[in-house]
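Tertiary structure, described
One-letter residues, chain by chain:
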Amino acid sequence: MRIVIIPARGGSKGIKGKNLKQVGGLTLVERAIKVAKSINPELIILSTDSSEIRNLGIKEEITTLARSSETASDNASTESVVMEVLNSLEKPWSKVDVAGIIQPTSPFIDSETLADCLSLAESGYSAFSAVQNHIHLWSESNGNWMPVNHPANKRIRRQDRPSEVRETGAVYAFPIIQFLKHQYRFCSPPRPVIVSEVDQIEIDSPLDLWIAQKLAGFNPESKRALHLSNLRKPKLFVTDFDGCLTDDTVCTDEIGVESVICSRKDGLAVQRFIDAGVETLILSSEKNMAVKKRAEKIGINIVYGVSDKVKTLENILISKSISWGDIWYCGNDLNDLKLIQIAGLGICPSDAVDEIKSCADLILETKGGAGILPEVIRLVEVIK
């Protein structure tokens, strides 16, 4: 028998109501439930002290269990929650019965990882999700610093170092009989299940949550299969004007003069691009002088009235001695399609046309004209 336990408190010190925060349109609890249901275990149990979280479990038609005051406290261990769940079931457990834990605070863990951990548990192991560790660690004692996992007098190459992994805290699995005996998740020989750098993200702070929300916007069908670990800061950020820095509507007065609506938020974000060392450019096929005036107002370079955006931008890159991989491009309509595909990072507003959304690497939460630049620069600023 396979049991999956989802421990989800209503409270949190770092982020209020953390387990109910949304990533990619679903709450963290809903994401965990979705992963658990995808492997069809015999039983999924949501353990919570929150009526709102419990209602999510009921809606998803899984078993919910109200936590006691002891297991709902800040100091309660995950093991105490698992013991409470197992004791409530009052079953005669056998050697083939295993339990897995999914922590909702790891939003990108996948069903394959959970299934692999449970399979290892069925073979008698305590399995856990982990990432490869290549970090040189040091510890301090009484003012003295000593190496933890490497010699102090020699720098060993990564490929020559012993294999090390780091727990992600996302998934654990173990034989139930062994857990009841030792009351600890590593109750039998341990075995790691390796996950990617993105899958290991754990939300402990508002910054962690923001990064997860941005990563959730990355298109899973993108051929570049972007991960935070290999996303690099652009040297040049290029954006279309209409539909990106405007809401793609135009106002025409009685004598035919056109005007557009823009967001002040974009203007305030330009200095942050400068501070981050990233050039900005508007590239537009529009010939309206409103484009030029807006660019001058917020301090962005502009090339407008362009008939061939790809050729024009290619010449700009040559003049700056940079490559397509050095730029991020934001567009919203079909004339941006080629640039979205060949830029280092292809971005679009949330209300871009479907053809653009299907090939963009990153779909912003912001609509065109609602202030896309602040959302883009926040991502630039978290990249090392």
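Above this text sits the structure in question.
Overview of the structure. (Residues numbered from 1 in each chain as written. Predicted model: local features only at pLDDT ≥ 70, side-chain atom pairs only at ≥ 80, totals over all residues. Heavy atoms only, no water.)

**Quick look at the packing of helix α1 (residues 28-38) against helix α2 (residues 51-59)**
- Where α1 contacts α2, the axes come no closer than 10 Å and their chain directions differ by 30°. On the basis of their axis angle, the class for α1 and α2 is roughly parallel. Where α1 crosses over α2, the handedness of that crossing is right-handed. Counted together, V29, E30 and I33 of α1 and I53, L56 and G57 of α2 form the full contact between these two elements. (Axes fitted to C-alpha atoms, helices over the stretch in contact; angles between N-to-C directions. Helix = DSSP H or I, 4+ residues; strand = E, 2+ residues; numbered from the N terminus. Parallel < 35°, antiparallel > 145°, perpendicular 65-115°, else oblique. Left-handed = near helix turned anticlockwise from the far one by under 90°. Contact = heavy atoms within 4.5 Å.)

**Looking at a negative patch on the surface**
- Where like charges cluster on the molecular surface, the negative patch consists of D247, D248, D333, D351, D354 and E355.
- Note on D351: relative accessible area 39%, which makes it partly exposed. (Patch = residues over 30% accessible without salt bridge, like charges linked within 9 Å, V, L, I, M, F, W, Y side chains within 5 Å. Areas by Shrake-Rupley, 256 points an atom, 1.4 Å probe, with all protein chains shown as cover. Salt bridge = Lys/Arg side-chain N within 4 Å of Asp/Glu carboxyl O. Lys, Arg positive; Asp, Glu negative; His and termini not counted. Charge placed at Lys NZ, Arg CZ, Asp CG, Glu CD. Buried < 20%, exposed > 50% of the residue type's maximum accessible area, 1.4 Å probe, protein only.)

**Considerations on the sheet that holds strand β1 (residues 2-7)**
- If you trace the seven strands from one edge of the open sheet to the other, you get β5-β4-β1-β6-β10-β7-β11, paired in mixed fashion. Taken across any chain shown, the strands that pair with only one partner, and hence form the sheet edges, are β5 (63-66) and β11 (190-194). When the angles between neighbouring strand axes are averaged without regard to direction, this sheet yields 30°.
- By the bridge criterion, four bridges tie β1 to strand β6 (residues 98-102) in an arrangement that is parallel. When the sheet's bridge partners are listed, V4 is paired in β6 with G100. (Pairing = 2+ DSSP bridges.)

**Some points on helix α4 (residues 111-122)**
- In this model, α4 (twelve residues) spans 17 Å end to end at C-alpha, consistent with the 16 Å of a helix rising 1.5 Å per residue.
- Every buried residue of α4 is listed here: T113, L114, C117, L118 and A121. Angular distribution of buried residues about the axis of α4 spans 130°; they occupy a single face of the element.
- Contacts made by the buried residues of α4 are with β1, α1, β6, β7 (126-132), β10 (165-175) and β11. (Expected span 1.5 Å × (residues − 1). Arc of directions from axis to C-beta.)

**Things to note about unusual backbone geometry**
- A positive phi angle is found at E90, which is not glycine, with a value near 50°.
- Along the chain, the position of E90 falls in the loop between α3 (78-89) and β6.
- Look at E90 and you get exposed, because its relative accessible area is 72%.
- Positive phi outside glycine occurs at N142, with the angle close to 55°.
- By secondary structure assignment, the location of N142 is in the loop between β8 (138-141) and β9 (144-147).

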